[in-house]
Structure formats: structure tokens, C-alpha cells
Amino acid sequence: MQTNPRNNPQILVCGAGGFIGGHLVRYLLEHGYNNIRAVDLKPLNAWSQTHREAENLVLDLRDADACLGATRGARIVYNLAADTGGVEFTENHKARSMLSVLINTHLLQAARIQGVERFFYASSAGVYANGKQALAAAPPLVESDAYPAMPEDGHGWEKLFSERMCRHFREDFGLQTRVARYHNIYGPLGTWDGGRENAPAAICRKVIEAKLSGSYSIEIWGDGEQTRSFTYIDDCLKGTVAILKSGILEPVNLGNSETVSINQLVDIVEEIAHVRVNRTHRLDAPAGVRGRKSDNTLIKDRLGWEPSIQLREGLEKTYRWIYDEIIRKRFCRRTSYPVNPL
Ligand code: NAD
């Protein structure tokens, strides 16, 4: 039976080899979309997940011609491609973070030329003005708190600029752009070591390693009293697709309103791991803003929905996955030694 192309639009997922992009391809396939082109810079064997039902392409989307090729025939574009990571990466790689502006710029241009109908851009809570996040108990961030602009240096400016590009491509060229401001997305298949991981993955890894090594001690960046909203991947996927389909024209928060300090995050991971660890607070390490919480009035009002997966539930799944990864890595390292000299 031939599929009606209107019900099965060509969807382009950029950054499909990464954490959220990989899950998004899976989610779309599970929801009946099977006309998917998945693109990432990394070689296929480095993608966090690949799906053979999708067309998987390795392309550098900083390049304008690559963007033209990637968007050919596409009716919907999800842009999740960026040179990005957690606070350690964004603090220490501001130029690289900002160079991701090339990806969104060339993708928008290509989408306009190719007649794409809807374009989703993954922005970040890093766009919010620093002054609104100076206290651990700072009020939740409403979307208008991004202005007057004083976002995170590097990463935040890139996201804010790209948001504005999306807005003006919609206003001036009629390209239907939608923008979500993600708040700390976490879950299985995310980066958990190497310097790009975010707090939930880093804390899970540290607690697991402390337990396995018998050291029972971990390092925490800052005094641990900084607060955040953490959003489980399943909520992120549901929200992303709903925002793409919605009439919400301005950037909208996509974050869980449950907020904890980093010390409370460690408490939860300790409970999951059935262990207590000694904590050393590294006050010289990058810790980001003091307090960041998602205000969900807009998303609730427009979608009748907000992220609701409890941190404890999401962390259990994430912890278990990272635990298995660490064990697998150790096992692989051992067996990679030449056991048979013949
Ligand atoms: P990720 O690093 O796992 O995925 C990004 C992917 O983009 C990577 O696989 C990378 O190889 C790819 N990429 C980088 N440069 C590219 C290029 N030139 N051409 C093609 N692909 C390229 O990150 P993620 O956590 O999945 O984040 C996805 C998007 O969501 C990013 O834009 C990120 O800034 C945004 N975001 C994520 C979070 C979070 O907590 N994970 C929070 C706020 C915003």
C-alpha cells in the first residue's frame, strides 16, 4: 500500500547521532513516521543510536551546500545539531559553542530555499539573563526573562542569536519556525563522561565509580547549592514534537518545574545506589548560574501539558544505564588485551 506523502512527510533530524537527536528519530519511527533523514557530523559508528529504517547521512552542517542537500525534499526540519555539552564544555569552549551558529544559519537558509514547512530549533535555558539567576531561590524563569539580553557567555549568546534568526525568518520569509528552550535534558544514551556530560550523568558516574572503586568519595563542582530543573528525555521528545506542531510562535520553556540543588541531586543518586559518599566541593570549578528553574505557564497554557516525569524516576533509569555502560567498558578494556598470543 502506498503511503500518502502528506501523512508521511519527509522529516530531517539534524544532530541525529547525538543524545536527543537519536532518541527523536526513534520516537518518530515509533509514532509512525517512517520517512526520516537523519544527519550528523560524527561517523555512523559513533552515533548514540542508529535506525536502519531512516536514511542516515554523515554531513557537516556548518557547510551551506551540505544543508541544501540535507533539506532537499524535507517538509519538516528538527535542528538539534550543535557543538555542545554541559557546563564544563560551554565554560571552556565559548568559540566552539558560538560556531554552531553556522549550522542554524545555513539550515534556515536551506530550509527557506527548499520550501520546508516547519523548522524546529533546540534552544537552551542558557539564553536567560544572568541577573535573573543570581540566587539559588530565584523565581522561575518566564520566557520574557531572556531580555534585556545578558545570556551565558558563548553558548547562551549563540542560542539567543539563533532564536532571533528563527523569528525573523518566520516574520520576513514565512518559514514556520518553532523554538524550545530546553532545561537540562538527561536520560539513557546521553553523554556520561569525557567532559561534555551534564550534571545528572556526571553525578551518576561519580557515585558509581566511587562505589565500584571503594573510595566512597566524589567531587562536586561549586558548593552544590546551585539549583536546576532537570528534564527526562521522554518529556523532552513529547514536548519537542508538540511544540513543532503547535502555534506557539515565540520561544517556549521545555523543562520540568521540579527543582533541586546539586547537593539534593547527589542525595537522590545515593539513595538509588544504596550508598553514602564523602563530598569534596571544588569551589574553583565552573558551576554556572546560582539558580535556574523553568516557569511552565506558557507551555501549560498553550499545550495543556508540561514535563511531569519525576527526577527520581528518570534518574533511576539513567543510573542503571550508566552503570551498565561502565561495567561494559571495564569488561571490554580487559578483554581487549591479547589473551591468546598465537
Ligand atoms: P549532543 O552533543 O548529544 O548532540 C548534538 C549532535 O550534533 C552531536 O551528535 C554532534 O555530532 C552533532 N553536530 C555537531 N556539529 C555538527 C555539524 N557541524 N554537522 C552535523 N552535526 C553536528 O547534544 P544533545 O544533548 O543531544 O543536544 C541537542 C540540542 O539540544 C543541541 O542544540 C543543544 O545545544 C540543545 N540543548 C541540549 C540540552 C541538554 O541538556 N542536553 C540543554 C539545552 C539545549
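Residues numbered from 1 in each chain as written. Predicted model: local features only at pLDDT ≥ 70, side-chain atom pairs only at ≥ 80, totals over all residues. Heavy atoms only, no water.

Draft legend 1. Quick peek at the pairing of strand E5 (residues 118-124). For E5, the buried fraction is high: six of the seven residues fall into the buried class. As paired strands, strand E4 (residues 76-79) and E5 are joined by four bridges and run parallel to one another. Along E5, the bridge assignment pairs isoleucine 76 with arginine 118. As judged from the seven bridges shared by E5 and strand E6 (residues 176-182), these two strands associate in the parallel manner. (Buried < 20%, exposed > 50% of the residue type's maximum accessible area, 1.4 Å probe, protein only. Helix = DSSP H or I, 4+ residues; strand = E, 2+ residues; numbered from the N terminus. Pairing = 2+ DSSP bridges.)

Draft legend 2. Examining helix H2 (residues 64-71) more closely. Taken together, the buried positions of H2 are Ala66, Cys67, Ala70 and Thr71. An end-on view of H2 places all buried positions within 120 degrees of arc, on one side of the element. On the buried face of H2, the contacting elements are strand E1 (11-14), strand E2 (36-40), E4 and helix H5 (101-114). Just downstream of H2 lies glycine 73, where phi reads positive at about 80 degrees. (Arc of directions from axis to C-beta. Contact = heavy atoms within 4.5 Å.)

Draft legend 3. Seen up close, the site of the ligand. Around the ligand, the structure places 26 residues, and the nearest of them are Phe19, Ile20, Asp40, Asp60 and Ile185. Interatomic distance of 2.8 Å between a backbone N/O atom of isoleucine 20 and an oxygen atom of the ligand. Between lysine 159 and the ligand, the recorded distance is 2.9 Å, taken from a side-chain N or O atom to an oxygen atom. For the shell around the ligand, the secondary-structure elements that each account for two or more residues are helix H1 (19-30) and E5. Residue contributions to the shell around the ligand peak at three residues, all from E5. Residues that form the shell around the ligand fall into these classes: twelve nonpolar, eight polar and six charged. (Near = heavy atom within 4 Å. Polar contact = N/O pair within 3.5 Å; in protein donor to acceptor, adjacent residues only side chain to side chain. Nonpolar A, V, L, I, M, F, W, Y, C, P; charged D, E, K, R; others polar.)

Draft legend 4. Expanded view of unusual backbone geometry. Cis rather than trans, the peptide bond between tyrosine 147 and proline 148 has omega equal to -5 degrees. Relative to the assigned elements, proline 148 resides in the loop between E5 and helix H6 (155-173). Of note in the backbone geometry, histidine 274 takes a positive phi value of approximately 55 degrees without being a glycine. Here histidine 274 lies in the loop between helix H9 (262-273) and strand E13 (278-282). Owing to a relative accessible area of 72%, histidine 274 belongs among the exposed residues under this scheme.

Draft legend 5. Looking closely at the confidence of the model for the chain. Residues of the chain with pLDDT of at least 70 account for 95%, and the chain-wide mean is 94. This model gives residues 1-5 a pLDDT under 50, and the stretch forms two contacts once residues within four places in sequence are excluded. A low-confidence stretch, residues 334-342 stays under pLDDT 50, and its non-local contacts, those more than four residues away or across chains, total zero contacts. (pLDDT = per-residue confidence, 0-100.)

Draft legend 6. Focus on the nonpolar core. Grouped together as the largest cluster of nonpolar side chains are 63 residues, with contacts concentrated most on Val13, Ile20, Leu28, Ile36, Tyr78, Tyr182 and Leu315. Once residues within four sequence positions are removed from consideration, tyrosine 182 is found in contact with Ile20, Leu80, Phe120, Ala122, Ser123, Ser124, Ala125, Cys236, Thr240 and Leu254. Core analysis: the second largest hydrophobic core is formed by 22 residues, Leu12, Leu107, Ala110 and Phe169 among them. (Core = buried A, V, L, I, M, F, W, Y, C linked by side-chain atoms within 4.5 Å.)

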